[in-house]
Structures are given as C-alpha cells and as structure tokens.
Amino acid sequence: MFALQYTVIKKQMLQTIVNTELPIAERFLVKKNVLSNGTGRKRICIVTGTHGDELEGQMVCYEMARIVTENIQRLNGTVEIYPALNPLGIDTIQRGIPNFDLDMNRIFPGNEHGTMAEQSAYRICKDLKGADMVIDIHSSNLYLRESPQVRINVLNEKQLVPQAKHLGVDFIWVHDAATVLEATLAHSLNSTGTPCLVVEMGVGQRINHDMCHRLVDGIFNLMHEMEMWDTAPEGEIAEALVCKGNHVTFLNAECSGVFLTELRTGINLTIGQSIGKIVDPLTGTVLSDVVSPVDGFLFTIRAYPIVYEGSLMARIYSPLTPKGGTSN
C-alpha cells in the first residue's frame, strides 16, 4: 500500500474563498476545508449547497471531513470540502439566493465585476479550476425522490462515465448536450478541462442516511482508484446502470388528485406493475391506477403526493425503450 511509501505531511486548513460585504456590517462567506497529506499532488473537491433546500450533501461533507481527519495517514493528496456554496439559501431553506431571485446553478462561471452572486460564482469556479475531480452533490426537489445517480453531458461521456462507475451509484444518466444548461457549475468546469461529476439523490429538505453513506464509500472508492486513498472501502460497490441515449420513460399524471404509493426508488418494474394510484379524498374514489408502461428500473418517484394533470410521478429506465423515451 502506498501509505508506507511516502513521507507524511499532514495539513488541515479552513479557507475563505468568498468574502463579500452585506448590509448592516455582515459578511457573505463561502468556506472550504483543505485536508492534505503525503507527497501526492492529486486534488479532489467535494462541493454542495448550491441549492439551499438540498441537504444530503451536508452529511456527505461531514462524513468525508470526519473520516479523512481521523485517518489522515491514509491520504496521499488533497481533499477539499465545500459544504455551502449558497449559505444564505441554506439559512433560509430556499433553493436560490435570497434577495436576488437567482438559481445559483444558472450563473456560472460568473463575472468578476458583476453582482455579488456573479462575483461569488466567479471566485468559486476560479478556486475549483485545476482539480483532478470535482464531485458536485445535489438532492432532488421537494416533489421527487431520486435514486443515487450521476448525470453527465454526452460531450464528456468518454472521460467521465468510467470515473462515475467507481462511485457505486444506481444509475448513470448520459444526457444529450442540448439538455444540459451551459450556466451550471458542472458544465463550466468540464468545458474548461476540470472534470466534474454531478450526483443527484434523495429528496429536498431531508437527509437519507443510507444514500449518504453509499456515496461516501463511493467517493473513497474513486479516491482509491485515483491512488489518493490507500485501501478500497469494505463491502461491495454497486455496479451502476448506464443510460446512453434517452431510454427513459417519463410517467405523468392523467388527472389531478392525491398520489398514493408504497414504492421507493431503486427497484426493477415489470410492464403493467402497479406503481400507485391517484385518489379523490372527497368521494373516496380511485381516479387513476398508475402502472408501469415498460419493464425497467425505477430511479425517480414522486415524493409530494398532491398532483395535477401532467405532474411528473416517475421516471423509469428501460434499455428496450426507443430512444426519446415515452411520456404519458
């Protein structure tokens, strides 16, 4: 193991990468924790908190900081942890940046001379530039529950899919280039040569502990493959399904009502299998039986039960579905 082959150089340092004035003598701060050891020059960055209502990444950052700090001798390189790119959003439980009515993940790479939000995005991109890998962690919104998955622009498929497989997620979704917004952090980094993997999992405003632990193990597994961590995690790392082309069925509500389901993500469905039902609580009647139109893997399920006609209720990956998927 390489842990015995280098001179130990231990370092932990909290750094402020954004420091902007706020009204009433306060500051807008974005901080990172830098953990370094050994002679290795590789650098991995764990980034989250872009959306203030997505909280899974907070537990992942805590576990990464805790485990690396307690086992610093196993590290050969640098781990940088950014828990809150949008601290005001986290403070107020808002997806965007309060007062600016902005989704922070729509303003990258920012502007050095722009608004406070644009300046922050610029400094974050500048700080992350040159990393050997960036893991950008997101949760779903309040309405949908997602299996652990990585989403990749088809333009970066060749480079990033092999890396994503080491994370042990359920699903890797390779999107057409046209569906990936250019103003996201991941696109801004990947387009300038800094590899970035976008992880989606769980549901908004909640933390799924099992999913977080799985991702932490996956990150250490990736670090082991990068020769930054001396051993692979114990236990089996899941093999992800890879969706190349849009073999995804979008299942939408046929009517308005209350959607009731007992299912969770991460399961295989057969065509005609019951997913749930839309009911009318006033009359006690079933308005619509929701069944799977394909054989496939359920990676998205509605978490918020109130639906309107057309509301997204599920996404199912089916290798046999023609490219373009289907929508009910």
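Before going into details, it helps to say that this report is about the structure given with it.

Scoring rules and cut-offs
- Residues numbered from 1 in each chain as written.
- Predicted model: local features only at pLDDT ≥ 70, side-chain atom pairs only at ≥ 80, totals over all residues.
- Heavy atoms only, no water.
- Helix = DSSP H or I, 4+ residues; strand = E, 2+ residues; numbered from the N terminus.
- Rg over C-alpha atoms; globule rule 2.2 N^0.38 Å.
- Buried < 20%, exposed > 50% of the residue type's maximum accessible area, 1.4 Å probe, protein only.
- Contact = heavy atoms within 4.5 Å.
- Areas by Shrake-Rupley, 256 points an atom, 1.4 Å probe, with all protein chains shown as cover.
- Lys, Arg positive; Asp, Glu negative; His and termini not counted.
- Charge placed at Lys NZ, Arg CZ, Asp CG, Glu CD.
- Disulfide = S-S within 2.5 Å.
- Pairing = 2+ DSSP bridges.
- Patch = residues over 30% accessible without salt bridge, like charges linked within 9 Å, V, L, I, M, F, W, Y side chains within 5 Å.
- Salt bridge = Lys/Arg side-chain N within 4 Å of Asp/Glu carboxyl O.
- Arc of directions from axis to C-beta.

Counting secondary structure elements, the protein chain contains 6 helices and 17 strands. Computed over the C-alpha atoms, the radius of gyration of the protein chain is 21 Å, within 12% of the 20 Å expected from 2.2 N^0.38 for a compact globule of 328 residues. A buried classification covers 53% of the 328 residues belonging to the protein chain. Residue pairs at least 24 apart in sequence account for 71% of intrachain contacts in the protein chain once pairs closer than 6 positions are excluded. About 15,400 Å² of surface is accessible on the protein chain, with carbon and sulfur atoms providing 51% of the total. Distance between charge centres in the protein chain, computed from 27 positive and 36 negative side chains, equals 6 Å.

Taken as a whole and judged by the stated rule, the model has 0 disulfides. No disulfide involves Cys45; its nearest neighbouring cysteine sulfur is the one of Cys196, lying 9.5 Å away. Residue Cys45 is classed as buried on the basis of its relative accessible area, which comes to 0%.

We now examine the pairing of strand 14 (residues 285-291). In this sheet, strand 14 lies alongside strand 13 (residues 274-280) in antiparallel orientation, the contact comprising 6 bridges. Considered in strand 14, the bridge of Ser274 is made with Val291. Linking strand 13 to strand 14, which pair antiparallel, is a turn of 4 residues; within it Gly284 sits at a positive phi near 70°.

In this section: a nonpolar patch on the surface. Nonpolar side chains collect at one region of the surface, where Leu142, Tyr143, Tyr304, Ile306 and Tyr308 lie side by side and expose about 480 Å² of accessible area between them. Looking at the secondary structure, you find Tyr308 in the loop between strand 16 (306-307) and strand 17 (312-317). Residue class for Tyr308 comes out exposed when judged on its relative accessible area of 57%.

Here helix 4 (residues 157-164) has its buried residues at Leu160, Val161 and Ala164. All buried residues of helix 4 fall inside an arc of 105° around its axis, so they share one side. Summarising the contacts, the buried residues of helix 4 are in contact with strand 6 (144-153), strand 7 (171-175), helix 5 (185-190), strand 8 (196-202) and strand 9 (241-244).

This brings us to the sheet that holds strand 16. The antiparallel open sheet is built from 4 strands, whose spatial order is 14-13-11-16. Every other strand in the sheet has two partners, leaving strand 14 and strand 16 as the edge strands with one partner each. The sheet contact formed by strand 11 (residues 257-260) and strand 16 spans 2 bridges and is antiparallel. For Gly257, the partnering residue across the bridge sits in strand 16 and is Val307.

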